[in-house]
Amino acid sequence: MDSILNRVAKDSGRRNRSSPSTSGDIFDPSSSSNAKQRATVIEWISSLLPYLSLSVNASDEELRAYLIDGTILCQLLNKLKPGSIPEFGGSGHSSEFGSENVKQFLSAMDKLGLPRFQASDLEKGSMKIVVECLLTLREEFMPDPSAALLHHVGHKFHEVFQLKHGGYADLPPSKITEMMKSNSLDIAPTQSLLSVVNEILDESIERKNGEIPHRVACLLRKVVQEIERRISTQAEHLRTQNNLFKTREEKYQSRIRVLEALATGTCEETQIVMNQLQHIKNAKSKMDAEKRNEDHDVVRLMKEKDDHIQEIAALKQELEIAKKAHEERCLKMEKEARNTQQKLEHKLKDIEILLKESEERMKELETFSESKSQKWSKKENVYQIFTEFQLGALRELKFASQSIKQEVVKTQRSYAEEFNQLGAKFRALDHAAANYSAVLAENRKLHNEVQELKGNIRVYCRIRPFLRGQKEKQSVIEYIGENGELVVVNPSKQGKEGRRSFKFNTVYSPASTQAQVYSDIQPFVQSVLDGYNVCIFAYGQTGSGKTYTMTGPEGASEESWGVNFRALNDLFRISQMRENTFKYEIKVQMMEIYNEQVRDLLSSDAVPEASMFPVNGTTDVLDLMDTGLNNRAKGSTAMNDRSSRSHSILTIHVQGKDIKSGSLMHSSLHLVDLAGSERVDRSEVTGDRLKEAQHINKSLSALGDVISALAQKNAHIPYRNSKLTQVLQASLGGQAKTLMFVQLNPEVASYSESMSTLKFAERASGVELGAARSSKDGKDIRDLMEQVASLKDTIATKDEEIEQLQLLKDQKNVSPEANGAKRSPNSFR
Ligand code: ADP
Ligand code: MG
């Protein structure tokens, strides 16, 4: 824009200057005229600024050098009109200051309304314009106004007007005509023209009639016309200038809009391009990844390709070989084919010959077959005769078979009769078999009776061996007889006095094993399954082996199992053997009696109704016994003491069902480990210990009384005297069987306790009273012995019968016909 404005200013400047420049051309532009003007200006400047020394004849270039920095110009103007230029740079040679001073001078000229030159005019080219401008300035500030006016219109104009000699009215017409004719009006400055107008008007006012001579009026009009023309051209010039500016402005505005649109467009585009760039980047990264994959693939494919090429090469080789082989084979085949063809041709010829031969032979055969068929027809006749004969024989055979059938029917009937007879015999046999179980039951009963007659109370004496590590080896046992005799010696007495003999059912030496001990009581255990109640006691002082006999040592192997494990094992074993005839249920109870109080060992509940647990095998029993022993331990802080001072009772309840008859029976086996039988010195113990001793004493003597009463078959049995006898009441007496192990400690120190134990046993077994009874009831015994003998006989015959029945049953199963006829079952009855 600036450049445009500058250009416009320059243009206008040039146009302004056009007048003086043309005037230069008009007013004799010869160098002499220029030099004259230059000299006038230099003279004028020197008069005003006397300190400058510049020759009047100085050239254009010398004057330029003088004025170029603008300082002289500014000083000149300040001299003419002080304060026109407030500040200007000193006479420095800096072009910056120079141009600044020149600018200030030129603007001051503009303010004064004087024509001016351009800064460039001062720098190069002709100095004419500068000189003229300075001449105008000189005239402006000349003291003579007419001189000033003349200078306004230039020298020519000044010369023409010659106003120093009076007013315009006084001017001769020739002069005015010259003024009007000459084109000097055109080049005269506007200021000069206006001052001409003013002077003419002032002259007319000064005159009395106010008239303006015609020629002056003409001059006036001319001058006014010139002024008007100048104004109109100026206005025209301004309008075009204005239009030019407007069009330029519009152009620039549109350009600005276009640029703005472009700028906004560029922003959006940039955004889009950024997005696209992002997309392209993503695509590029993808492409890169793909490229990598493809590279891998390419490598892999190259490898594969190599492999394939190798394979192909190998295959080619193979193919080559195969081809060769094939060709060879083809050749061979062709050879063979040719051979075969030749052979076939030979054969064909042979066959043709053969065919001819065979045709000939066929003709021969046809003639032969005709003769044969004649022979066959003859033979057919012969066969027909033979068949007729055979048919007759068949008819005879049919008759015979019918008669045989009748015979067979007859025989069948006789068989049926025989079968019926056999059925009757079978029924009889069946009856006999039914009787067999009855006989068995009877046998059991008789067996039991025998046992009863032997005594339902059995007393066994068992002597404990010396324990390992025991020093004292002297035993109080002197003799052990095979039939239950026992001799005990009193170590403190000599001779016969110190000896005492006892008799029991059996006496077990210290060497006897658990199995031997059990073998004697095994039949009683078995009788529990036949419905009998059995009680087995272990009696003796503490440490004499009661628990050993009943239970066995702790953690015992099967070999050293005590009575109760063996008894249960037997019960399970026998019940399994009998499972076809009887169905048994076995339940177990465990309790202890301490201070006349009963405690259930298998549960924490208090008895009377001690809990019963069904058992199916020995392992069940072992588990239950463990529970019982644990509970017994829990009941006391010192288990050994407690166990020796309480009775422990293991009860096995058996319920048997006869599968055939459906009848039920109940029985039980009590295994009792009694409290220690040792007597307590009353003076030594008090309190709980004394109370315990009293309870034990009481219950053991009550047991002794009951057993003794039972042995003597007393009418009254004193069950109610102790808890122990009350609990066992149902299993003591009547059909019940009582077995007692009397345990002895062989040590000398235990002599008196052993004696006391033996005396208790004697009383329980009834032997003690036996001597008195034998004299008194001798006949009874004899009678009983006879009875026993006869019963034994009966049993023997019964056994025989059973055996025979068994035999019969077996034979019946094997061949019922064979034996059925020979023996009638009735014959056994
Ligand atoms: P009790 O129950 O009468 O107090 P134990 O049965 O506890 O007596 O026996 C006392 C000790 O003697 C135990 O160590 C036991 O193992 C041992 N004992 C008892 N009888 C025999 C025997 N027949 N053979 C081997 N050791 C026995
Ligand atoms: Mg014990």
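None of the values given here were measured: they were computed from a predicted structure.

**Q** Honestly, the site of ligand 1 in this entry has me stumped. Any pointers?
**A** Close to ligand 1 lie R462, R464, P465, L467, Q541, T542, G543, S544, G545, K546, T547 and Y548. Within the backbone of S544, an N or O atom sits 3.3 Å from an oxygen atom of ligand 1. In this structure, T547 approaches ligand 1 through a side-chain N or O atom, which is 2.7 Å from an oxygen atom. Protein contact buries 71% of the 560 Å² of open area that ligand 1 shows by itself.

**Q** Please clarify how the pairing of strand 6 (residues 534–539) should be interpreted in this entry.
**A** Every other side chain in a regular strand lies on the same face of the sheet, so the side chains alternate between the two faces. Across the 6 residues of strand 6, 6 count as buried, placing the element largely inside the fold. Covered by surrounding structure in strand 6 are V534, I536 and A538 together with C535, F537 and Y539, the residues of both alternating faces. Pairing of strand 6 with strand 11 (residues 664–673) involves 5 bridges; the strand directions are parallel. Opposite I536, over in strand 11, you have L671 as the bridge partner. With 6 bridges connecting them, strand 6 and strand 12 (residues 737–744) associate as parallel partners. In the sheet register, Y539 faces strand 12, and the bridge partner there is V742.

**Q** What's the story with a nonpolar patch on the surface in this structure? I'm lost.
**A** The grouping of V258, L259 and L262 at the surface amounts to a nonpolar patch, some 300 Å² of accessible area in total. Among the structural elements, V258 can be located in helix 13 (residues 214–454). Residue classification places V258 among the partly exposed residues on the basis of a relative accessible area of 48%.

**Q** Can you walk me through the environment of Q470 in this structure?
**A** By the element assignment, Q470 lies in the loop between strand 1 (457–463) and strand 2 (477–480). Expressed as a C-alpha distance, the spacing of Q470 and E747, which sit 277 residues apart in the sequence, is 9.9 Å.

**Q** I tried to follow a negative patch on the surface on my own but got confused; where do I start?
**A** On the surface, E357, E359, E360 and E364 cluster together to form a negatively charged patch. Along the chain, E357 falls in helix 13.

**Q** Explain the nonpolar core here, please?
**A** Generally speaking, nonpolar side chains in soluble globular proteins are found buried as a group. Within the largest apolar cluster, 44 residues are counted, with the highest numbers of intra-cluster contacts made by L486, V488, F504, F537, L732 and L758. Where this core is concerned, the elements lending two or more residues are strand 1, strand 3 (485–489), strand 6, strand 7 (582–594), helix 19 (687–711), helix 20 (723–728), strand 12 and helix 21 (751–765). If you tally residues by element for this core, the top one is helix 19, at 7 residues. Ranked by size, the runner-up nonpolar core spans 40 residues in total, among them W561, V621, V654 and L739.

**Q** Just to check I follow, could you spell out the pattern of salt bridges for this structure?
**A** Pairing between side chains becomes possible if they bear opposite charge and their charged atoms approach one another. Applying the stated criterion across every chain yields a total of 20 salt bridges. Among the salt bridges present, the one from R338 reaches E334, with a minimum N-O distance of 3.9 Å. With a gap of 4 residues between them, R338 and E334 both fall in helix 13, about one helical turn apart. Relative accessible area serves as the criterion here: at 48%, R338 is assigned to the partly exposed category. One salt bridge connects R679 with E753, and the closest N-O pair in it is separated by 3.3 Å. Within this pair, whereas R679 is found in the loop between strand 11 and helix 19, its partner E753 is found in helix 21, the two being separated by 74 residues in sequence. Taken together, the salt bridges that share partners define one network made up of E226, R229 and R230.

Parameters and conventions
- Residues numbered from 1 in each chain as written.
- Chains lettered and ligands numbered in written order.
- Predicted model: local features only at pLDDT ≥ 70, side-chain atom pairs only at ≥ 80, totals over all residues.
- Heavy atoms only, no water.
- Near = heavy atom within 4 Å.
- Polar contact = N/O pair within 3.5 Å; in protein donor to acceptor, adjacent residues only side chain to side chain.
- Areas by Shrake-Rupley, 256 points an atom, 1.4 Å probe, with all protein chains shown as cover.
- Buried < 20%, exposed > 50% of the residue type's maximum accessible area, 1.4 Å probe, protein only.
- Helix = DSSP H or I, 4+ residues; strand = E, 2+ residues; numbered from the N terminus.
- Pairing = 2+ DSSP bridges.
- Patch = residues over 30% accessible without salt bridge, like charges linked within 9 Å, V, L, I, M, F, W, Y side chains within 5 Å.
- Salt bridge = Lys/Arg side-chain N within 4 Å of Asp/Glu carboxyl O.
- Lys, Arg positive; Asp, Glu negative; His and termini not counted.
- Charge placed at Lys NZ, Arg CZ, Asp CG, Glu CD.
- Core = buried A, V, L, I, M, F, W, Y, C linked by side-chain atoms within 4.5 Å.

Geometry only, nothing functional implied.
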